[in-house]
Amino acid sequence: MTTNGWLQIIVLFASVLVLARPLGIYMVCVYERRNTPFDLILGPCERILYKLTGVRPDEEMSWSQYALAMLLFSATTMLLTYGVERAQRWLPFNPQHLPGVAPGLAWNTAVSFTTNTNWQSYVPESTMSYLTQMLGLATHNFWSAAVGMALAIAFIRGIARRERTTLGNFWVDMTRSILYVLLPLCLVYATLLVSQGVVQNLRPYDTATLVEKQDVSTPGTNGAASTVQTVSVQNIAQGPVASQEAIKMLGTNGGGFFNANSAHPFENPTPFTNFLQMLSIFLIPAGLTFTLGRMVGSPRHGWAILAAMSMFFFVGVLAAYHAESRSNPLFHHVSQVSTGTQPGGNMEGKEVRFGIANSALFATITTDASCGAVNSMHDSFTPIGGMVPMVNILLGEIVFGGVGAGMYGMLIFVLLAVFIAGLMVGRTPEYLGKKIEAADIQLAMLYLLIFPLLILGFSAVSVLAPTFGTSSLANQGPHGLSEILYAFASAVGNNGSAFAGLNANTNWYNYTLGFSMFAGRFLMIIPMLAIAGNLARKKIVPVSQGTFPVTTPLFVVLLCSVILIVGALTFFPVVALGPILEHLQMHAGNTY
């Protein structure tokens, strides 16, 4: 670890804090329909949209109506994307004449982008046409992000309101998320990316003649000998990259235009774009903590939530940076055979232009925030370095989290922490003046149990099924277990990053991961909205000496402890058999 590396981490987080507060206050104006600087331009557009779609913006919805509207919208847009993928060979903006996407992969991708996961079991530049990338995928980056933001605001309204039966209007919340927050930010962001060299065009791929021809060996199948092919030209993929890159990061989507994602020089060409991408991943989730504080009438509570998230972030980046900066004990440098040290730390799978500090920081941020974009390969991290992004996902990605999803996920843990605090002192738990009752906790536990049930259930079946589960692994032993566990954690957690050693483009993984993404998004939303509806109907209880304050350092410590205990009790055994065992085996001289 270096001073320069830590300075970059501190400067990035300081930038997040500086920008998050004004953005959070601005979002209060957006969702409470106060005046904003963009009303003159966007107000007429908003009214036209409502008129064309028949939306009545002043009519509010109960929690069940809000959930139904969200599910109908998500199902419709998912079918749209599936249809575009399947029919892309006949559609325009396909200069590479790519065929239609296979049914299993099309289903997996449509679900992936609908759920804000953006899991990619394919090579984008050789699978998806420009139209599919723009109409099917980039638009979904806006829609899925806006849905998450609308749901978070609905939950916050449930906390803030008293004796009400409604949580707002889903169509209005989603529309205003796109028009007033995502679009203005993306226009500025995409322009900055283009100025730095990120590609934005609709040209066919260019062909370059190699200076030196390359012999590529392809292994044979069914005992056949391998074949060798001489390659003398290379296709230079390009396309409308900057526009997709902007919403990919701001919406914590993560699906790259190229297979190498943010390690590709056309997506992430300079240190400045790398900084912008990390900053934009955290920007809206951090801003929502200030939105929470303002809307519930307790800014200090918003600061407390931000403090808890920040603690997990710094612990994670410290562990990842430390692990990747240390030498691999199995690597013996020619000049230091006797000591077995590896100068410079573990650079496997990392871009030299970003180095270890920015790779560890990016990996921590993208899994803290349910984004999934990567500028290095997590599969090539050391066992402990790779464990950090895995644990970030397994904790529910509530450390800032995806836009909206991280906020309401964290608030579920807040309710649980307040409930436990109430049990400790023998009185009915209260949260911001509202009594937390048995129904609230039952729904919260349902929310929390769906997550490990899906991850551990599908991982167990895959590990025990060599025909379709472990046959796709590049590694065996504990690292192979980590690859499978990470895949299902990433799918259920709607992250989208992967341990790249697993070939997930098979029927088994396409369909099971697709179902995991769908269930991990929508099955968990229903109990969350039901809790919000319950909270909105409650009366305010006067503060007394027995009320547990949710604005103090003690609350922050209790909240972090509850998150750790729930995560440790649930996932520690399988993590011990994966990255922890691999770390011990590595020091014993074994590899997988």
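Residues numbered from 1 in each chain as written. Predicted model: local features only at pLDDT ≥ 70, side-chain atom pairs only at ≥ 80, totals over all residues. Heavy atoms only, no water.

1. A closer look at the overall build of the protein
Counting secondary structure elements, the protein contains 17 helices and 4 strands. A compact globule built from 592 residues would reach a C-alpha radius of gyration of about 25 Å, and the protein, at 24 Å, matches this within 12%. Its C-alpha atoms give the protein principal-axis dimensions of roughly 75 × 60 × 45 Å. Counting every position in the protein, which comprises 592 residues, the buried fraction comes to 57%. By sequence separation, contacts in the protein at least 24 residues apart represent 78% of the contacts at least 6 residues apart. By element, 65% of the accessible surface of the protein is carried by carbon and sulfur atoms, the whole surface being about 23700 Å². Positive and negative side-chain charges of the protein, numbering 28 and 26 respectively, have mean locations separated by a distance of 12 Å. (Helix = DSSP H or I, 4+ residues; strand = E, 2+ residues; numbered from the N terminus. Rg over C-alpha atoms; globule rule 2.2 N^0.38 Å. Buried < 20%, exposed > 50% of the residue type's maximum accessible area, 1.4 Å probe, protein only. Contact = heavy atoms within 4.5 Å. Areas by Shrake-Rupley, 256 points an atom, 1.4 Å probe, with all protein chains shown as cover. Lys, Arg positive; Asp, Glu negative; His and termini not counted. Charge placed at Lys NZ, Arg CZ, Asp CG, Glu CD.)

2. Things to note about the side chain of T470
When you line up the elements, T470 lands in the loop between α14 (438-463) and α15 (477-492). Residue classification places T470 among the buried residues on the basis of a relative accessible area of 19%. Setting aside chain neighbours within four positions, we find T470 in contact with S462, V463, A465, Q476 and I484.

3. Details of the packing of helix α3 (residues 63-86) against helix α16 (residues 507-537)
The contact between α3 and α16 brings their axes to 9 Å, and the two run at 160 degrees. Regarding the angle of α3 to α16, the classification is roughly antiparallel. The way α3 lies across α16 gives a crossing that is right-handed. On the side of α3, the interface is formed by W63, Y66, A67, M70, L71, S74 and M78, while α16 contributes F518, F522, I525, I526, L529, A530, G533 and R537. Of the residues contributing to the contact of α3 with α16, the split by class is 12 nonpolar, 2 polar and 1 charged. (Axes fitted to C-alpha atoms, helices over the stretch in contact; angles between N-to-C directions. Parallel < 35°, antiparallel > 145°, perpendicular 65-115°, else oblique. Left-handed = near helix turned anticlockwise from the far one by under 90°. Nonpolar A, V, L, I, M, F, W, Y, C, P; charged D, E, K, R; others polar.)

4. Points about the nonpolar core
Counting 164 residues, the largest nonpolar core has F155, F170 and L559 as its most contacted members. Broken down by element, this core gets its largest block of residues, 15 residues, from helix α6 (residues 130-160). With sequence-adjacent residues up to four places away left out, F155 is seen in contact with Y408, L411, I412, L415, M528, I531, A532 and L535. Core analysis: the second largest hydrophobic core is formed by 7 residues, V101, L105, Y122 and M128 among them. (Core = buried A, V, L, I, M, F, W, Y, C linked by side-chain atoms within 4.5 Å.)

5. So, the packing of aromatic side chains
Under the defined criterion, the tally for this structure stands at 26 aromatic pairs. Taking the centre distance of 6.4 Å and the plane angle of 40 degrees together, the rings of Y130 and F257 count as tilted. One end of the pair, Y130, is in helix α6; the other, F257, is in the loop between α8 (241-250) and α9 (271-295), with 127 residues separating them in the sequence. Looking at F257, the relative accessible area reads 1%, which means it is buried. Ring centres 4.4 Å apart and planes at 45 degrees place the aromatic pair F468 and W508 in the tilted group. Separated by 40 residues along the polypeptide, F468 in the loop between α14 and α15 and W508 in helix α16 bring together distant segments of the chain. When its relative accessible area of 34% is taken as the criterion, F468 is described as partly exposed. An aromatic cluster of at least three residues, connected via ring pairs, comprises F13, F282, F313, F314 and F400. (Phe/Tyr/Trp six-rings, centres within 6.5 Å; stacked < 30°, edge-to-face > 60°.)

6. Topic: the pattern of salt bridges
For the structure shown, the criterion picks out 15 salt bridges. Two residues, K248 and E267, come together in a salt bridge whose shortest N-O distance is 2.6 Å. Taken together, the positions of K248 in helix α8 and E267 in the loop between α8 and α9 put the pair 19 residues apart, joining distant regions of the chain. On the basis of relative accessible area, K248 is assigned to the buried category, the value being 0%. (Salt bridge = Lys/Arg side-chain N within 4 Å of Asp/Glu carboxyl O.)

7. Points about the packing of helix α7 (residues 170-195) against α9
Relative orientation of the contacting elements α7 and α9 amounts to 170 degrees, with a least axis distance of 11 Å. Overall, the two elements α7 and α9 adopt an arrangement that is roughly antiparallel. Counting all contacts with α7, which are made through V181, L182, L185, Y189, L192 and L193, the residues of α9 involved are T273, L276, Q277, S280 and I284. Split by residue class, the contact of α7 with α9 holds 8 nonpolar, 3 polar and no charged.

8. Things to note about the environment of F73
In this structure, F73 sits in helix α3. F73 gets classed as buried once you look at its relative accessible area, which sits at 14%. In this structure, the C-alpha to C-alpha distance between F73 and N494, residues 421 residues apart in sequence, is 18 Å. Discounting residues that sit within four places of it in the chain, F73 has contacts with W143, V147, F170, W171 and M174.

9. Let's talk about a nonpolar patch on the surface
Residues V188, L192 and F272 make up a contiguous nonpolar surface patch of roughly 250 Å² in combined accessible area. Mapped onto the elements, F272 comes out in helix α9. (Patch = residues over 30% accessible without salt bridge, like charges linked within 9 Å, V, L, I, M, F, W, Y side chains within 5 Å.)

10. Description of the state of the cysteines
A complete count under the given rule lists 0 disulfides for this structure. Residue C29 stays outside any disulfide, its sulfur separated by 19 Å from that of C45, the closest cysteine. Counting only cysteine sulfurs, C371 is the nearest neighbor of C186, a cysteine outside any disulfide, at a range of 12 Å. (Disulfide = S-S within 2.5 Å.)

11. What about the environment of G589?
Here G589 lies in the segment after α17 (553-587). Distance in space between the C-alpha atoms of G589 and L192 is 47 Å, their sequence separation being 397 residues.

12. Details of α15
Over its 16 residues, α15 extends 23 Å from the first C-alpha to the last, a length consistent with the 22 Å expected when each residue adds 1.5 Å. The buried fraction of α15 is high, at 15 of 16 residues. At the C-terminal side of α15, N494 shows a positive phi close to 55 degrees. (Expected span 1.5 Å × (residues − 1).)

13. Overview of the side chain of E46
Residue placement: E46 occurs in helix α2 (residues 39-53). With residues near it in sequence (within four places) discarded, E46 still touches T175, R176, L179 and Y180.

14. Side note on the confidence of the model for the protein
Considering every residue of the protein, the mean pLDDT works out to 89; 97% of them sit at 70 or more. Within the protein, α7 carries the highest mean pLDDT (95), whereas strand β1 (residues 206-218) carries the lowest (84). In the predicted structure, residues 333-340 sits below a pLDDT of 50 and forms 10 contacts with residues beyond four places in sequence or in another chain. (pLDDT = per-residue confidence, 0-100.)

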